[in-house]
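Read off the chains here:
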Amino acid sequence: MVTISSDGPVWTLDLGNDENRFSPDWLQAVGEALDQIEATTEPAVLVTIGGGKFYSNGLDLEWLGQNLDQHDTYVQRVEDLFARILTLPVPTVAAINGHAFGAGAMLAMAHDYRVMREDRGYFCFPEVDIHIPFTPGMNALVTSKLTPRTALDAMATGRRYGGGDAAAVGLVDAAASSEKLAETAAGLVRDLAGKDRATLGTIKARMFAAVVGALRPAADGTSA
């Protein structure tokens, strides 16, 4: 179950305690949670985290296989979520508590910062091995956050990175123990809670305009 809660300026979006795949219902719940933080005006930062062994296992391929007629609409909903997180007008950090695969890893990449558990879980883009090429928007998102060498190694090999390895190549900003993961993540952004939302949102929208344009090719490129 997706839940969102706040402790002072720190809002925590719990993605769930299973594989946290991007089912239509899950996408709806995450969108509604983001609505809640965007409806506020007080200083805020956003931490996303999973509650089990997964941060997110990405696309709901089982549902998609049973609903191929909705493929394009579904993929656009996923890419809209990436664009929304990428340009959210508050500081964001992904606390990667476990496995982050495929679109789950891309969701983490859409955040301003990332902290990964150091002793368990893998960060992986398996697309090359499951024969699913990155869409132009997904490609733009990942490559906007990584050096060319790291992007090539991560996207073209399907390598699974543990927390320490992911931090060493810049996939994540830090690795932390399970006990300190949430607090380490919150510590990266807590002091940024007072940034003016309109200004921050505009900076992000302009900084990532090309990425948003690729994620929302039929839209005008503004944040949802």
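What counts, and where the lines are drawn
- Starting afresh in each chain, residues are numbered from 1 along the sequence in its written order.
- Owing to the predicted nature of the model, reporting of local features is limited to residues with pLDDT of at least 70; listing and counting of side-chain atom pairs is limited to 80 or more, with chain, interface and lining totals taken over all residues.
- Working from all heavy atoms in the structure, the side-chain values ignore hydrogens and water.
- Exposure above 30% relative accessible area and the lack of any salt bridge qualify a residue for a patch; like charges then connect within 9 Å, and the nonpolar side chains Val, Leu, Ile, Met, Phe, Trp and Tyr within 5 Å.
- Method for areas: the Shrake-Rupley scheme with a 1.4 Å probe, in which residue coverage is limited to the protein chains shown.
- Just to be clear on terms, a salt bridge is a Lys or Arg side-chain nitrogen sitting within 4 Å of an Asp or Glu carboxyl oxygen.
- Labels follow the DSSP assignment, with helices taken as runs of H or I lasting at least four residues and strands as runs of E lasting at least two, numbered in each case from the N terminus.
- Under the scheme applied here, a residue whose accessible area is under 20% of the maximum for its type counts as buried, over 50% as exposed, and between as partly exposed, the area being computed with a 1.4 Å probe on protein chains only.
- Only strands that DSSP links by at least two bridges are regarded as paired with each other.
- In this context, the arc is that of the directions from the helix axis out to the C-beta atoms.
- Counted as a polar contact is a pair of N or O atoms within 3.5 Å, where, for protein atoms, one must be capable of donating a hydrogen and the other of accepting one, and residues adjacent in sequence contribute only when both atoms are in side chains.

(A) Highlighting a nonpolar patch on the surface. Judged by side-chain polarity, L61, I130 and I132 come together as a nonpolar surface patch covering roughly 230 Å² of accessible area. Within the secondary structure, L61 sits in helix α2 (residues 61-66). Residue L61 is classed as partly exposed on the basis of its relative accessible area, which comes to 40%.

(B) Main features of the sheet that holds strand β8 (residues 123-124). Reading across from one edge, β4-β6-β8-β9 is the order of the four strands in this open sheet, with mixed pairing throughout. Unpaired on one side and paired on the other, β4 (54-56) and β9 (160-161) mark the two borders of the sheet. Pairing of β8 with β9, which is carried by two bridges, proceeds in the antiparallel orientation. Considered in β9, the bridge of C124 is made with R160.

(C) Main features of helix α10 (residues 197-207). Those residues of α10 lying buried are R197, L200, G201 and K204. The arc that holds every buried residue of α10, seen down its axis, measures 100°, which confines them to one face. Along α10, exposed side chains directed more than 90 degrees from the buried face belong to A198 and R206. If you check the start of α10, you find a side-chain oxygen 3.4 Å away from the backbone N of A198, and it comes from D196.

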